[in-house]
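# Summary of the model geometry
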Amino acid sequence: MKNDITSKADIKTFVDAFYAKMPSDDLVGKVFMEVMHVDFSTHLPKMYDFWEMLLFQGTSYKGAPMRPHLQINQIHPITPAHFERWLAMFRETLHDLFEGPKTEEAITKAENIAATWAYKLDYLTKHPA
Ligand code: HEM
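Keep in mind it's a predicted model, so treat the numbers as computed, not measured.

### A closer look at the coordination of the iron atom of the ligand
Among protein residues, the single donor to the iron atom of the ligand is His 69 (NE2), with a metal-donor distance of 2.0 Å. For His 69, the location among the structural elements is in helix 4 (residues 67–75).

### A word on the pattern of salt bridges
Using the criterion set out here, one finds eleven salt bridges in the structure. In this structure, Glu 92 engages Lys 21 in a salt bridge whose closest nitrogen and oxygen atoms are separated by 2.8 Å. With a gap of 71 residues between them, Glu 92 in helix 5 (residues 80–97) and Lys 21 in helix 1 (residues 8–21) connect regions that are remote in the sequence. Each member of the salt-bridge network shares a partner with another, and the members are Lys 8, Asp 49 and Glu 52.

### Concerning the environment of Leu 70
Inspection of the secondary structure assignment puts Leu 70 in helix 4. Spatially, the C-alpha atoms of Leu 70 and Asp 39 are 18 Å apart, while their sequence positions differ by 31 residues. Setting aside residues no more than four positions away along its own chain, Leu 70 makes contact with Leu 121 and Leu 124.

### Some points on the packing of helix 4 against helix 6 (residues 101–126)
Axis angle and axis distance: for two packed helices, these are the angle between their axes and the distance between the axes, and together they describe the pair. Running from N to C, helix 4 and helix 6 point in directions that differ by 45°, and their axes come no closer than 11 Å. Relative to helix 6, helix 4 is oriented oblique. In this structure, helix 4 crosses over helix 6, and the sense of that crossing is right-handed. Touching His 69, Leu 70 and Asn 73 of helix 4 are Trp 117, Leu 121, Leu 124 and Thr 125, all from helix 6. Its residues placed into classes, the contact of helix 4 with helix 6 shows four nonpolar, three polar and no charged.

### With respect to the site of the ligand
Residues in contact with the ligand amount to 19 residues; listed here are only the nearest, Phe 32, Lys 46, Tyr 61, His 69 and Phe 83. In the model, an oxygen atom of the ligand is placed 2.5 Å from a nitrogen or oxygen of the Tyr 61 side chain. Placement of the ligand is best described as lying within the largest pocket. Looking at the shell around the ligand, the elements that each hand over two or more residues are helix 2 (28–35), helix 3 (40–56), helix 4, helix 5 and helix 6.

### Considerations on the layout of surface pockets
One way to see where empty space is left: roll a probe the size of a water molecule over the atoms. Here the largest pocket defines a volume of roughly 770 Å³. Phe 32, His 43, Met 47, Pro 68 and His 69 are the residues nearest the centre of the largest pocket, which is lined by 31 residues in total. Contributing elements (two or more residues each) for the lining of the largest pocket: helix 2, helix 3, helix 4, helix 5 and helix 6. Its residues assigned to classes, the lining of the largest pocket comprises 20 nonpolar, seven polar and four charged. Counted as a void, the second largest pocket has a volume near 170 Å³. What lines the second largest pocket is Leu 70, Asn 73, Gln 74, Leu 124, Thr 125, Pro 128 and Ala 129. Of all elements in the fold, only helix 4 and helix 6 reach the threshold of two or more residues within the lining of the second largest pocket.

Parameters at a glance
- Residues numbered from 1 in each chain as written.
- Predicted model: local features only at pLDDT ≥ 70, side-chain atom pairs only at ≥ 80, totals over all residues.
- Heavy atoms only, no water.
- Donors = N, O, S within 2.8 Å, 3.2 Å for Na, K, Ca; no water.
- Helix = DSSP H or I, 4+ residues; strand = E, 2+ residues; numbered from the N terminus.
- Salt bridge = Lys/Arg side-chain N within 4 Å of Asp/Glu carboxyl O.
- Contact = heavy atoms within 4.5 Å.
- Axes fitted to C-alpha atoms, helices over the stretch in contact; angles between N-to-C directions.
- Parallel < 35°, antiparallel > 145°, perpendicular 65-115°, else oblique.
- Left-handed = near helix turned anticlockwise from the far one by under 90°.
- Nonpolar A, V, L, I, M, F, W, Y, C, P; charged D, E, K, R; others polar.
- Near = heavy atom within 4 Å.
- Polar contact = N/O pair within 3.5 Å; in protein donor to acceptor, adjacent residues only side chain to side chain.
- 1 Å grid on protein atoms, 1.4 Å probe; cavity = no way out; pocket = protein on both sides within 12 Å on 5 of 7 lines; lining within 4 Å.
- Sits in = over half its atoms within 2 Å of the grid points.
- Points joined across faces, edges and corners; volume = space filled by probe spheres on them.

Written as structure tokens, this is what we have:
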């Protein structure tokens, strides 16, 4: 029996686990490591705050989360396949560690964000400003 996500410490646990898996991934990991050379020491704290905002109404995240993805998409297209892989890794990471309604809420929120962003990126790729 696993516990549900109940705290920022739990968020840190799943974000760290997700980004421990990420670098070796040939689709999403490649974008992070080889295209964007993301510095995880600054990226991960943003993700802790982002998930705290989504799951516990935290107010520390100050950002425009879609914006970097628009920029990345111009350098290296982020396709529906990237979003599917991202979600598969996210679901697997969460289900390895937690179970319960908050865990499912996190997965549903990620699915909704991924669907919205995939649609917008596809639209903007076909209709450049
Ligand atoms: C589909 C594959 C995805 C790829 C390849 C991707 C890639 C990236 C990269 C490279 C960055 C770092 C940008 C930078 O600091 O230069 C980033 C930031 C971020 N990503 Fe993603 N991402 C993906 C999907 C998602 C999804 C589905 C979510 C949300 C559920 C998400 C949430 C965020 C957030 C919150 C940031 C930080 C934005 C900020 O700087 O405030 N990403 N992403």
